[in-house]
Amino acid sequence: MIPVTDNRKVVLIGTGMVGMSYAYALLNQNACDELVLIDLDKERARGEAMDLNHGLAFSGSHMKIRAGEYADCATADIVVICAGVAQKPGESRLDLLNRNTEVFRSIIGPVTESGFNGIFLVATNPVDIMTRITCTLSGFNPRRVLGTGTALDTARLRYLLGEYFSVDPRNMHAYVIGEHGDSEFVAWSQAMLATRPILEICEESGNCCREDLDRISEEVRTAAQQIIKAKRATYYGIGMAMVRITRAIFGNESSVLTVSAMLRGEYGQHGVFAGVPCIVGRNGVRKVLPLNLSAEESEKFRLSCETLENSYRELENL
């Protein structure tokens with residue numbers, strides 16, 4: 001069990017837009033006590049630490065923020081990985097995966113060699129595969145290695161459902177599961193407005209409702225592409241999703257979040273990492289929470305996991 005201390009320490013590796021959106025949200029939510037920034041560009045890490053520190057006087061936080069080295073991971077509770085390389089024009093997804101695997105090899109080794117014994121939180125895309133790679137390279141218990149999975153997709157879904165039904169999104173209980181990518185899907189059979197099944201509400205209102213749900217599902221699946229088209233990258237939403245996961249860990253909340261976790265028999269899958277509802281607490285993923293999927297949804301999930309498994313198996317020299 002990870003020791004509970006008075007000092008909640010996070011080491012963030014990668015100070016790009018995603019990493020710094022996470023850091024900024026951490027500061028504003030006072031979600032940790034110490035934040036160490038690590039980047040290949042050490043000058044950038046120092047500059048980002050300075051910029052955040054200059055805002056401390058305007059926040060309710062007393063965080064200690066600084067640039068650091070991999071040795072700082074030794075006393076960290078959570079190591080968050082946002083580092084990675086961008087896809088080059090004409091580069092295949094597999095080529096990108098192979099290059100990011102080499103990046104992760106250069107990161108995971110120094111982290112584990114520091115004596116780090118906490119939790120890995122991975123945000124680098126393709127997040128399900130990069131989380132699995134982190135688990136493989138580190139040799140950590142899979143329950144202590146989790147990715148952001150479909151946490152942001154699920155938040156997008158609840159936001160859109162809240163708008164559609166004119167209800168607070170926090171009262172919409174629905175999940176996007178599977179790959180954080182093209183094969184993800186909404187488990188509509190388990191979607192609820194408070195305690196009422198959404199499909200039941202649709203049956204009462206007519207077929208048009210189901211068409212609207214299909215539109216919402218597509219909007220969730222393509223949201224990232226729409227944002228990238230408009231502003232070249234997504235970072236605020238995922239940064240806040242990462243803080244939500246961080247708070248669940250530090251608070252030992254046992255919150256249900258759709259993180260990327262290893263499946264060990266759940267949904268009939270073994271060894272693959274995918275976005276599924278999990279109970280998250282101080283020691284990472286306490287338990288994968290299986291949903292009672294319909295036959296059609298079970299097949300969609302199987303195909304999504306098959307896509308992830310095939311991509312992982314194609315990686316070279318892991």
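Quick note: structure is the one above.
Note that the structure is predicted; figures quoted are calculated from it, not measured.

### Things to note about the sheet that holds strand β10 (residues 192-193)
In spatial order, the strands read β7-β10-β11; together these three strands make up an open sheet with antiparallel pairing. Since the sheet does not close on itself, it has two edges, and those belong to β7 (172-173) and β11 (196-197), each with one partner. Here two bridges tie β10 to β11, and the two strands are oriented antiparallel to one another. Looking at β11, one finds that Leu 193 is bridged to Arg 196.

### Notes on the packing of helix α1 (residues 17-29) against helix α2 (residues 42-53)
It is at 11 Å that the axes of α1 and α2 come closest, and there the two elements cross at 25°. Put simply, α1 runs roughly parallel to α2. In terms of crossing hand, the pair formed by α1 and α2 is right-handed. Of α2, the residues touching α1 (which contributes Met 17, Met 20, Ala 23, Tyr 24 and Leu 27) are Arg 44, Glu 48 and Leu 52. Partitioned by chemical class, the residues of the contact of α1 with α2 number six nonpolar, no polar and two charged.

### Let's talk about the state of the cysteines
Counted under the stated rule, the structure contains one disulfide. A disulfide bridge connects Cys 202 with Cys 209, and the sulfur atoms are separated by 2.2 Å. As the torsion about the S-S bond is roughly -45°, the Cys 202-Cys 209 disulfide counts as left-handed. Note on accessibility: Cys 202 and Cys 209 belong to one class, buried. The cysteine Cys 82 is free of any disulfide, with Cys 32 supplying the nearest cysteine sulfur at 13 Å.

Cut-off values and rules
- Residues numbered from 1 in each chain as written.
- Predicted model: local features only at pLDDT ≥ 70, side-chain atom pairs only at ≥ 80, totals over all residues.
- Heavy atoms only, no water.
- Pairing = 2+ DSSP bridges.
- Helix = DSSP H or I, 4+ residues; strand = E, 2+ residues; numbered from the N terminus.
- Axes fitted to C-alpha atoms, helices over the stretch in contact; angles between N-to-C directions.
- Parallel < 35°, antiparallel > 145°, perpendicular 65-115°, else oblique.
- Left-handed = near helix turned anticlockwise from the far one by under 90°.
- Contact = heavy atoms within 4.5 Å.
- Nonpolar A, V, L, I, M, F, W, Y, C, P; charged D, E, K, R; others polar.
- Disulfide = S-S within 2.5 Å.
- Buried < 20%, exposed > 50% of the residue type's maximum accessible area, 1.4 Å probe, protein only.

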